[in-house]
Protein chains: 2
Amino acid sequence: MKVKEVADLVGISVRTLHHYDEIGLLKPEQTSEAGYRLYSDHNLEMLQQILFFKELGFPLKKIKEIINRPCFDREEALKFQRKTLVEKRAHIDKMISTIDKTIEHMKGSIEMTNKEKFEGFDFSHNPYEQEARERWGDEAVDKSNAKLASMTKEEQKVMQEEMNALYRSLAALRHTSPESDEAQAAIKKWYTVLNSNFGIHYSLEAFKGLGQMYVDDERFTKSIDQFGVGLAKFMRDAMAYYADNNK
Amino acid sequence: MKVKEVADLVGISVRTLHHYDEIGLLKPEQTSEAGYRLYSDHNLEMLQQILFFKELGFPLKKIKEIINRPCFDREEALKFQRKTLVEKRAHIDKMISTIDKTIEHMKGSIEMTNKEKFEGFDFSHNPYEQEARERWGDEAVDKSNAKLASMTKEEQKVMQEEMNALYRSLAALRHTSPESDEAQAAIKKWYTVLNSNFGIHYSLEAFKGLGQMYVDDERFTKSIDQFGVGLAKFMRDAMAYYADNNK
DNA sequence: TGTTGACCCTCACGTTACGTAATGCCTTAA
DNA sequence: TTAAGGCATTACGTAACGTGAGGGTCAACA
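Residues numbered from 1 in each chain as written. Chains lettered and ligands numbered in written order. Predicted model: local features only at pLDDT ≥ 70, side-chain atom pairs only at ≥ 80, totals over all residues. Heavy atoms only, no water.

### Considering the packing of helix α5 (residues 74-106) of chain A against helix α5 (residues 74-106) of chain B
Here is the rule: The axes are straight lines fitted to the C-alpha atoms, using for helices just the contacting stretch, and the angles between their N-to-C directions are given from 0 to 180°. Helix and strand labels come from DSSP, where a helix needs a run of H or I of at least four residues and a strand needs a run of E of at least two; each type is numbered from the N terminus. Each angle receives one of four descriptions, namely roughly parallel if under 35 degrees, roughly antiparallel if over 145, roughly perpendicular if within 65 to 115, and oblique otherwise. Less than a right angle of anticlockwise turn of the near helix away from the far helix marks a crossing as left-handed, whereas a clockwise turn marks it as right-handed. In the scheme used here, Gly and all other residues not listed as nonpolar or charged are polar, with Ala, Val, Leu, Ile, Met, Phe, Trp, Tyr, Cys and Pro taken as nonpolar and Asp, Glu, Lys and Arg as charged.
In contact at an axis separation of 9 Å, α5(A) and α5(B) are set at 165 degrees when each is read in the N-to-C sense. Compared by their axis directions, α5(A) and α5(B) come out roughly antiparallel. The way α5(A) lies across α5(B) gives a crossing that is left-handed. Split by residue class, the contact of α5(A) with α5(B) holds 18 nonpolar, four polar and 16 charged.

Laid out in structure tokens, this is it:
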């Protein structure tokens, strides 16, 4: 599909699609010989995701990060969006009742505190931040993604392979004790790799926290357990032990 | 109340209040000796209005125009906002059902057209424009308000008085024929005053349309009929006759 | 085959609604 | 009286496009 068709279909402007292309948020799968942008069905699905997130108040930069995460799961995203929309609806209901109260108040039939006059507005200018940062935006993940983006495809591939190798060797140990020398050696390497590959230095506490996240956050669990069911839990335990014993 | 108190109460930033002051959208009723902004309860009510309109997607410039309109009626505004919020809720419901469908679709249990994938998004990047322009944004009103804003208080007062005088003399005639020489003379003056006082020239057709608006748009009707019940209708008829007979 | 007219491209500057310092004056509690 | 916290102004920064300008592309129609 050409730009205008897409734009008309979803009700956004051509310029918007150009913009999304510019910032690398949605690049058309093909371009014709003449340089025309040609969008595929898969592009449309991504666009749907983008618009949903946008509706929820996410800035484009964050949306880009989210949908580019290796562990991005469309169904989970959709469920999250659904949930947030439901909350938003409740929010609107609150505003409606605030309006009703205000009208009553104007007619003098009821009293109203200043605080009540603004109920429904208390999304302190970051509508998405509350739960979103928990679920979709860990600082570390953000930074590592940024780092990832700055690497060439080749570098990314090399790094990915290095990390996969580590995952595999850890997976092999996952039914042994996370406190064994072998496991701890592997986890130490894991710690070193994380610290050297991404632009950040994990404190031991943060490292421990990260391990906890591996089991708390389904998305991580899912992508880690690909290397062996139970790996995420094993890593959490090993990481916690490592952190506690190297202070 | 000082800025930060207000900001905290309604959940917006201090900068936002500064901004609203800068652009003349919400000027604090008082300023302390030291130059501190001091907001009154009335300011808070206005702020509530502003935030409601903002929630509905109105640009600040438009909001400023709306709440500065001489015929601005808070209760009517609140009812409009309520109605629009209800629509917005329906909109969200549509998006939720789109998400549900998409999830079903992913699982392969149902088919889905490209169009269906974007239902709920079709607010062609001007959520408010549709009905809003009808109800809140006549081009002429906009322009005249802009003109009004550029006038000094004194000039405004003089002009207002001139127009009121005309309203009164028209009101006196409202039970006679709108086609009489007297009525037509008064209407001619009305036409001249409108054309000279505001930055625009009404064509005869537009003038006729304006008359129609006086009865179609409650807000106009209300503020006009203050000078005498039925004046709006009388003016519409007189204006139509004037327009038709001076081509 | 030539010529519209609708669509496409890439600059590139404009706009809205604030964010984010920097710098310096109030004010109030310790 | 001094340190902390709030306030003011000035001014540059940012996000997400809007809005032309200048110039190819492509299918249809004369």
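On we go from here.
### A look at the protein's contact with DNA strand C
Inclusion rule: We define proximity as follows: a residue is near a molecule or strand when any one of its heavy atoms falls within 4 Å of that partner. In the analysis that follows, any N or O atom pair within 3.5 Å is treated as a polar contact, provided that within protein one partner can donate a hydrogen and the other can accept it, and provided that, for residues neighboring in sequence, both atoms belong to side chains.
Taken together, 19 residues sit near DNA strand C, with A:H18, A:R37, B:S13, B:Y20 and B:L60 positioned nearest. Put simply, 73% of the atoms of DNA strand C that lie within 4 Å of the protein are in sugar or phosphate. Contact between DNA strand C and B:R15: a base oxygen at 3.0 Å from a side-chain N or O atom of the residue. In this structure, a phosphate oxygen belonging to DNA strand C sits 2.8 Å away from a main-chain N or O atom of B:L60. Secondary structure elements with two or more residues in the surface near DNA strand C: α1 (3-10) and α2 (14-22) of chain A together with α2 (14-22) of chain B.

### Points about α1(A)
All names here are of chain A. Under the convention used in this document: To sort residues, take the accessible area from a 1.4 Å probe on protein chains only and compare it with the maximum for the residue type: under 20% means buried, over 50% means exposed, and anything in between is partly exposed. Each direction from the helix axis to a C-beta atom contributes to the arc, which is the arc of those directions.
When we look at burial in α1, the residues that qualify are V3, V6, A7 and V10. The buried side chains of α1 occupy one side of the element, clustering within an arc of 100 degrees when seen end-on. For α1, the exposed residues set more than 90 degrees away from the buried face come down to K4 and D8. Taken from the residues just after α1, G11 is the one with a positive phi, measuring 80 degrees.

### Details of the packing of aromatic side chains
The way to describe two aromatic rings as a pair is by their centre distance and the angle between their planes. We apply this condition: When the centres of two rings from Phe, Tyr and Trp lie within 6.5 Å, Trp using its six-membered ring, the rings pair. Their planes under 30 degrees apart give stacked, over 60 give edge-to-face, and anything left gives tilted.
Under the criterion given, the structure shown has twelve aromatic pairs over all chains. Residues A:Y167 and A:W190 carry aromatic rings whose centres are separated by 4.9 Å and whose planes lie at 50 degrees to one another, so their mutual orientation is tilted. Linking A:Y167 in helix α8 (residues 153-172) with A:W190 in helix α9 (residues 181-197), this pair joins segments that are 23 residues apart in sequence. When its relative accessible area of 12% is taken as the criterion, A:Y167 is described as buried. When the centroid spacing of 6.3 Å and the interplanar angle of 85 degrees are considered together, the rings of B:F58 and B:F80 count as edge-to-face. Taken together, the residues span a long stretch of sequence, with B:F58 in the loop between α3 (41-55) and α4 (60-68) and B:F80 in helix α5 at a distance of 22 residues.

### Describing the protein's contact with DNA strand D
Among the 19 residues in the neighbourhood of DNA strand D, the closest are listed as A:S13, A:L60, B:H18, B:Y36 and B:R37. The contact atoms of DNA strand D, taken as those within 4 Å of the protein, divide so that sugar and phosphate hold 69%. The contact in question runs from a base nitrogen of DNA strand D to an N or O atom on the side chain of B:Y36, over 2.7 Å. Here the element with the most residues in the surface near DNA strand D is α2(A); it accounts for four residues.

### Some thoughts on the relation of the copies chain A and chain B
The following threshold applies: Copies are brought into register by a least-squares superposition over C-alpha atoms of residues with pLDDT of at least 70 in both. The criterion used for residue contact is that any of the two residues' heavy atoms lie within 4.5 Å.
By a simple turn and slide, chain A fits onto chain B: the slide is 0.1 Å along the axis, the RMSD is 0.4 Å, and the turn is 180 degrees. Such a combination of turn and shift is consistent with a two-fold rotation axis. Across chain A, the rotation axis passes nearest the C-alpha of A:R89, at a separation of 3.1 Å. When the interface residues of chain A are mapped onto chain B, 100% of them again fall at the interface, so both copies present the same face.

### A word on the side chain of A:R74
Mapped onto the elements of the fold, A:R74 is located in helix α5. Classification of A:R74 as buried rests on a relative accessible area of 14%. The residues contacting A:R74, other than those within four sequence positions of it, are A:E45, A:Q48, A:Q49, B:T102 and B:M106.

### Quick look at the nonpolar core
Quick reminder of the rule: The criterion is simple. A nonpolar core is a set of buried Ala, Val, Leu, Ile, Met, Phe, Trp, Tyr and Cys residues joined through side-chain atoms within 4.5 Å.
One finds A:L17, A:L47, A:F53, B:L17, B:L47 and B:F53 to be the most contacted residues of the largest nonpolar core, which totals 66 residues. Ignoring anything within four residues of it in the chain, the contact list for B:F53 reads B:F58, B:I63, B:I66, B:I67, B:F72, B:A77, B:F80 and B:Q81.

### Observations regarding the packing of helix α3 (residues 41-55) of chain A against helix α4 (residues 60-68) of chain A
Residues and elements named next belong to chain A. For the pair α3 and α4, interaxial distance at closest approach is 10 Å and the crossing angle is 135 degrees. Relative to α4, α3 is oriented oblique. Crossing handedness for the pair α3 and α4: right-handed. Mapping the contact onto sequence places M46, I50, F53 and K54 in α3 and L60, I63, I66 and I67 in α4.

### With respect to the interface of chain A and chain B
As a reminder, the rule being used: Salt bridges are counted wherever a side-chain nitrogen of Lys or Arg sits within 4 Å of a carboxyl oxygen of Asp or Glu.
Taken together, the 42 residues of chain A in the interface contact 43 residues of chain B. At the boundary of chain A with chain B, the tally comes to six salt bridges. Across the pair A:R82 and B:D100 runs a salt bridge whose closest N-O atoms are separated by 2.5 Å. Where chain A packs against chain B, one counts six residue pairs in polar contact (both at pLDDT 80 or more). Looking at the side of chain A that touches chain B element by element, the count peaks at 20 residues for α5(A). Its residues assigned to classes, the side of chain A that touches chain B comprises 19 nonpolar, nine polar and 14 charged.

### What to know about the environment of A:Q226
Residue and element names in this part refer to chain A. With respect to the helices, strands and loops of the structure, Q226 is situated in the loop between α11 (218-225) and α12 (231-245). By relative accessible area, which is 65% here, Q226 ends up exposed. Remark: the alpha-carbon pair of Q226 and R168, spanning 58 residues in sequence, is separated by 9.8 Å.

### Section: the pattern of salt bridges
This structure, assessed with the given rule, holds 22 salt bridges over all chains. With a shortest N-O distance of 3.1 Å, A:K27 and A:D21 are connected by a salt bridge. The exposure class of A:D21 is buried, given its relative accessible area of 12%. Between A:D93 and B:R89 there is a salt bridge, with the nearest N and O atoms lying 2.3 Å from each other. Residue A:D93 is located in helix α5, and its partner B:R89 is located in helix α5; the two belong to separate chains. In this structure A:D93 comes out as partly exposed when scored by relative accessible area, which is 31%. Because the salt bridges share partners, they merge into one network encompassing A:D21, A:K27 and A:R37.

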